[in-house]
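Here is how the chains run, residue by residue.
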Amino acid sequence: MAVKFSQMADVYQKLECITSGNQIRALLSDFFKTVPLAEIDIVSYLTLGQIASKYEDINLGMAEKMVLKAVANATEQPANRVNKLFRKLGDAGIVAEQLVGKRQRELSAREVFDTLHSIARTAGAGSQERKISYLSRLFTAASPLEARYLARIVIGQLRLGAGEKAILDSLALAYTGSKTAKTMLEHAYNVCPDIGIIAKTLVNKGLKGVSKINVQVFRPVQMMLAQRVDKISEIHRKMPGLMSAEEKYDGERIQAHAKGNTIILYSRRLDNITSQFPDVVAALRASIKAKDYIIEGEVVAVDKKGNLLPFQTLMARRRKYDVEAYARKVPVHLYVFDALLVNGRNYLRTAYPERRRTLERITKEGMIVKLARRKLCEKIDDVETFFNQVIQRGCEGIIAKSCAPGAYYTPGTRGWLWIKWKREYQKELADTFDLVVVGAFAGKGRRSGTYGALLCAAYNPETDTFETFCKLGTGFNDKELAQLPRKFPAIKQQPKNVSVSRLLKPDYWVAPATVIEVLGAEITKSPLHTAAGGLALRFPRFVRYRPDKRPEQATTTKEVIKMAVRVYTELR
Ligand code: AMP
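So, how was this worked out
Positions within a chain are numbered from 1, following the residues in the order the chain's sequence is written. Confidence filtering applies because this is a predicted model: local features only for residues at pLDDT of at least 70, side-chain atom pairs given and counted only at 80 or more, and all residues used for totals across whole chains, interfaces and linings. To get the side-chain values, take all heavy atoms of the structure and skip hydrogens and water. Helix axes are fitted to C-alpha atoms over the stretch in contact, other axes to C-alpha atoms as well, and angles between N-to-C directions run from 0 to 180 degrees. A run of DSSP states H or I qualifies as a helix once it reaches four residues; a run of E qualifies as a strand once it reaches two. Both are numbered from the N-terminal end. Here the word oblique covers every angle except those under 35 degrees (roughly parallel), over 145 (roughly antiparallel) and from 65 to 115 (roughly perpendicular). Any two residues whose heavy atoms approach within 4.5 Å at even a single point are treated as in contact. Accessibility here uses a 1.4 Å probe with only protein chains present; expressed as a share of the type maximum, an area under 20% marks a residue as buried, one over 50% as exposed, and anything in between as partly exposed. At least two bridges found by DSSP between two strands are what make those strands a pair. Pairing of aromatic side chains requires ring centres within 6.5 Å, counting the rings of Phe and Tyr and the six-membered ring of Trp. Pairs whose planes differ by under 30 degrees are stacked, by over 60 edge-to-face, and all others tilted. In this scheme, the term charge over a ring applies when either NZ of a lysine or CZ of an arginine sits within 6 Å of the ring centre and within 35 degrees of the ring normal. Definition of nonpolar core: a set of buried residues of the types Ala, Val, Leu, Ile, Met, Phe, Trp, Tyr and Cys, connected through side-chain atoms within 4.5 Å. What the arc covers is the set of directions going from the helix axis to the C-beta atoms. Residues are counted as near a molecule or strand when any one of their heavy atoms sits within 4 Å of it. Pairs of N or O atoms are called polar contacts if they sit within 3.5 Å, as long as, within protein, a hydrogen donor faces a hydrogen acceptor (for residues adjacent in sequence, only side-chain-to-side-chain pairs). Shrake-Rupley sampling with a 1.4 Å probe provides the accessible areas, and residues are treated as covered by the protein chains on show and by no other component. As used throughout, domain bounds are those supplied by an automatic or database domain assignment. The quantity reported as buried area is the accessible area (1.4 Å probe) lost by two parts once they are put together, taken as the sum for both. A pair is scored as a salt bridge if a Lys or Arg side-chain nitrogen falls within 4 Å of a carboxyl oxygen belonging to Asp or Glu. Charged means Asp, Glu, Lys or Arg here, nonpolar means Ala, Val, Leu, Ile, Met, Phe, Trp, Tyr, Cys or Pro, and polar covers whatever is left, Gly included.

Orientation of helix H1 (residues 5-17) relative to helix H2 (residues 21-33), taken along the N-to-C sense of each, is 170°, at an axis distance of 10 Å. By the criterion of interaxial angle, the relationship of H1 to H2 is roughly antiparallel. Residues Gln 7, Met 8, Val 11, Lys 14 and Leu 15 of H1 lie in contact with H2, whose contacting residues are Ile 24, Leu 27, Leu 28 and Phe 31.

Below you can see the structure in the form of structure tokens.
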């Protein structure tokens, strides 16, 4: 029997009330077992609060205001009453729930899913009204509880405490008895970050089918990440033998996919950012000679002479309008460094030296596209010399890449095949952390009227929660300080996936959506914070915003523990 949306709402309500990861997985897998095979993909998407995978450019295009209008239409309430209630409650889901009356008719999950797609497809003149009318028809049919989750899905705030990993684990639990299934699903999801495809393949073709899921042009792969060390000499211990020290550019990672004349650029968040870089697209067309390809590189701002400029300069290119003018104002280079697929051949399980050779074979360097500069090193002294040279050139540091036969491209994994070494590491005790803002404290004195400090958290993927790690008040310039309340608007309630200590409740809650880079000096135990059961970053300092990262790509609590252990071992 087709899944009813009311069944999903019931499961979501239960999920909202539990925090234990195991219980969440047990509940979800019991539910998944009841879902007909043909609908497992839509149920998986909706449970993640999506209607398609992240990389597909499918957006509902409805902000809170429009959702409230749809509620007003459906319930025949004056708009100002709905808005007033929203100001009081601060959650469009609860507003919808309180105003929607008894259920008029049964909604199927499929009908909700299809209608949301119709909303996403609606564009052009009068589209706002048509979107609102689609949604209000759903609200008219829905029960109060269904309305709660419908509103939250539309504004992208479903947040049930069940993230990608919990859903993958629950699928594994529901459809296989095997322990290796979880790892296999996770790997497949890194190669193909589309929960619908993974779920459908698992139920139709089993684990064997999942193991065959492969890279495909125009389906971005989760990007391979680099580990870090405390001393440059450690690189050699972790990566014995020949290594390639590559310049580490301070820009934005790009995964370029091409087939025929079509080129799509994906960001590290797997967003389609092609329209931001028309100059890069044209340059790729001229520089890369292959029938089809997936290659990676870092796009970095340069001055007229081609000198490298910092990340902040590149950020001026993040815009919807005046793209061409800014392409001229802020020229860029694209330093390509990896090949994942070329002329139909998948290179994920090909060692780095051959991937690089393949990349060199298809690349004709031009004004914009260049090969990442590197030096093959056997001794750590050579690495150090190269590091000092690249810092002079304006690089952020180096990435050492293993040249061993097993140095494959490992999607979505922070492993020891790539090790980064940045200039900050030489100055400070600890590395920078990419943290998520979850709250704020009211400013006093000179800072009254703005925030005095932000509450920042690391991410725990096991439980899909943000655990607080530091209170951050330094490193902002005056302009940044003044903009904090606008950048981080307060919300009414503590989000379910944010864990704070009783001793450190912020004055304002902030939706965990923005990643910032923070430099710290030391990690200590502290009852004030919840990261990894009570670790805190001392003397944190704001470095910059990281709009290229999704909250789930922030520093994990596991990484925090690793760093802490290293620091303590050093001290002893
Ligand atoms: P981090 O963001 O500090 O974890 O450093 C890893 C990032 O460095 C990657 O995601 C890339 O965006 C960037 N990067 C810059 N140059 C290179 C390079 N030559 N090879 C790989 N990654 C690079």
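This brings us to the pairing of strand S5 (residues 292-301). The element S5 is largely enclosed, with a buried count of 10 among its 10 residues. Along S5, one buried face is formed by Asp 292, Ile 294, Glu 296, Glu 298 and Val 300 and the opposite face, lined by Tyr 293, Ile 295, Gly 297, Val 299 and Ala 301, is buried too. Relative to S5, strand S3 (residues 252-259) is paired through 8 bridges, and the arrangement is antiparallel. The residue of S5 that forms the bridge with Ala 258 is Tyr 293. Summarising the sheet, S5 and strand S6 (residues 332-342) pair through 9 bridges and their orientation is antiparallel. Considered in S6, the bridge of Glu 296 is made with Asp 338.

Once that is clear, we can look at the packing of aromatic side chains. Going through the model one piece at a time under the given rule, you end up with 13 aromatic pairs. Residues Tyr 409 and Trp 418 carry aromatic rings whose centres are separated by 6.4 Å and whose planes lie at 90° to one another, so their mutual orientation is edge-to-face. Taking the relative accessible area as the measure of exposure, Trp 418 reaches 3% and is therefore buried. Grouped by ring-pair contacts, the aromatic residues Phe 476, Phe 488, Phe 542 and Tyr 545 constitute a single cluster. Looking at Lys 238, its charged tip hangs above the ring of Trp 416, at a distance of 4.3 Å from the centre. Across from the ring centre of Tyr 545, 4.2 Å away, lies the NZ or CZ of Lys 487, which sits over that ring.

All right, on to the nonpolar core then. Residues Met 8, Phe 32, Leu 116, Leu 135, Phe 139 and Leu 185 are the most contacted members of the largest nonpolar core, which totals 82 residues. Those residues within four positions of Phe 32 in sequence are excluded, and the remaining contacts are Ile 40, Val 43, Ile 167, Ser 170, Leu 171, Ala 174 and Tyr 175. In terms of nonpolar packing, the next biggest core, distinct from the first, is built from 38 residues, Ala 226, Val 383, Val 390 and Tyr 409 among them.

Bringing helix H17 (residues 352-362) into the picture now. The periodicity of an α-helix, 3.6 residues per turn, causes residues three or four places apart in sequence to face the same way. All of the buried residues along H17 are Tyr 352, Arg 355, Arg 356, Thr 358, Leu 359 and Ile 362. Buried residues in H17, looked at end-on, bunch into an arc of 160°, giving them a common side. Residues of H17 that are exposed and point over 90 degrees away from its buried face: Arg 357 and Arg 361.

With respect to the helices and strands, Asp 548 occurs in the loop between strand S21 (541-545) and helix H21 (557-571). Owing to a relative accessible area of 3%, Asp 548 belongs among the buried residues under this scheme. When neighbours within four sequence positions are excluded, Asp 548 is seen to be in contact with Glu 252, Arg 268, Arg 269, Phe 311, Arg 318 and Gln 553.

For the rest of this paragraph, the subject is the site of the ligand. Near the ligand there are 15 residues, and of these Glu 246, Arg 253, Glu 298, Lys 401 and Lys 420 occur at the shortest range. In the environment of the ligand, an oxygen atom lies 3.1 Å from a nitrogen or oxygen atom belonging to the side chain of Lys 248. Take Arg 253: an N or O atom from its side chain is 2.7 Å from an oxygen atom of the ligand. Expressed as a share of its isolated accessible area of 500 Å², the protein-covered part of the ligand is 96%. Contributions of two or more residues to the shell around the ligand are made by strand S2 (243-248), strand S10 (397-402) and strand S11 (414-422). The greatest single-element share of the shell around the ligand, amounting to 4 residues, is contributed by S11.

Another point: the sheet that holds S11. The strand order across the open sheet formed by 5 strands is S1-S11-S10-S2-S9, and the pairing between neighbours is mixed. The sheet terminates laterally at strand S1 (225-228) and strand S9 (374-377), the two strands that pair on one side only. Taking each pair of neighbouring strands and ignoring which way they run, the sheet shows an average axis angle of 35°. Taken together, the 6 bridges between S2 and S10 define a ladder with antiparallel strand orientation. In the strand pairing of S10, Lys 248 is matched with Gly 397.

What follows concerns the domain arrangement of the chain. The assigned domain composition of the chain is domain 1 (225-426) and domain 2 (431-571). Here domain 1 and domain 2 have C-alpha centroids that lie 29 Å from each other. Counting from both sides, the interface comprises 18 residues of domain 1 and, opposite them, 19 residues of domain 2. Carbon and sulfur atoms supply 40% of the area that domain 1 and domain 2 bury against each other, a total of about 1,800 Å² over both sides. Looking only at domain 1, the three residues that lose the most surface to domain 2 are Arg 228, Arg 268 and Arg 269, adding up to 40% of its buried area. A salt bridge links Arg 544 to Asp 250, with the nearest nitrogen and oxygen atoms 2.8 Å apart. Where domain 1 packs against domain 2, one counts 7 residue pairs in polar contact (both at pLDDT 80 or more).

Turning our eyes to something else, we now look at the packing of helix H4 (residues 64-75) against helix H6 (residues 92-99). Between H4 and H6, whose axes approach to 10 Å, the crossing angle comes to 0°. If you check the angle between H4 and H6, you find them roughly parallel. On H6, the residues touching Glu 64, Leu 68, Val 71 and Thr 75 of H4 are Ala 92, Val 95, Ala 96 and Leu 99. A breakdown of the residues in the contact of H4 with H6 according to their chemical character gives 6 nonpolar, 1 polar and 1 charged.

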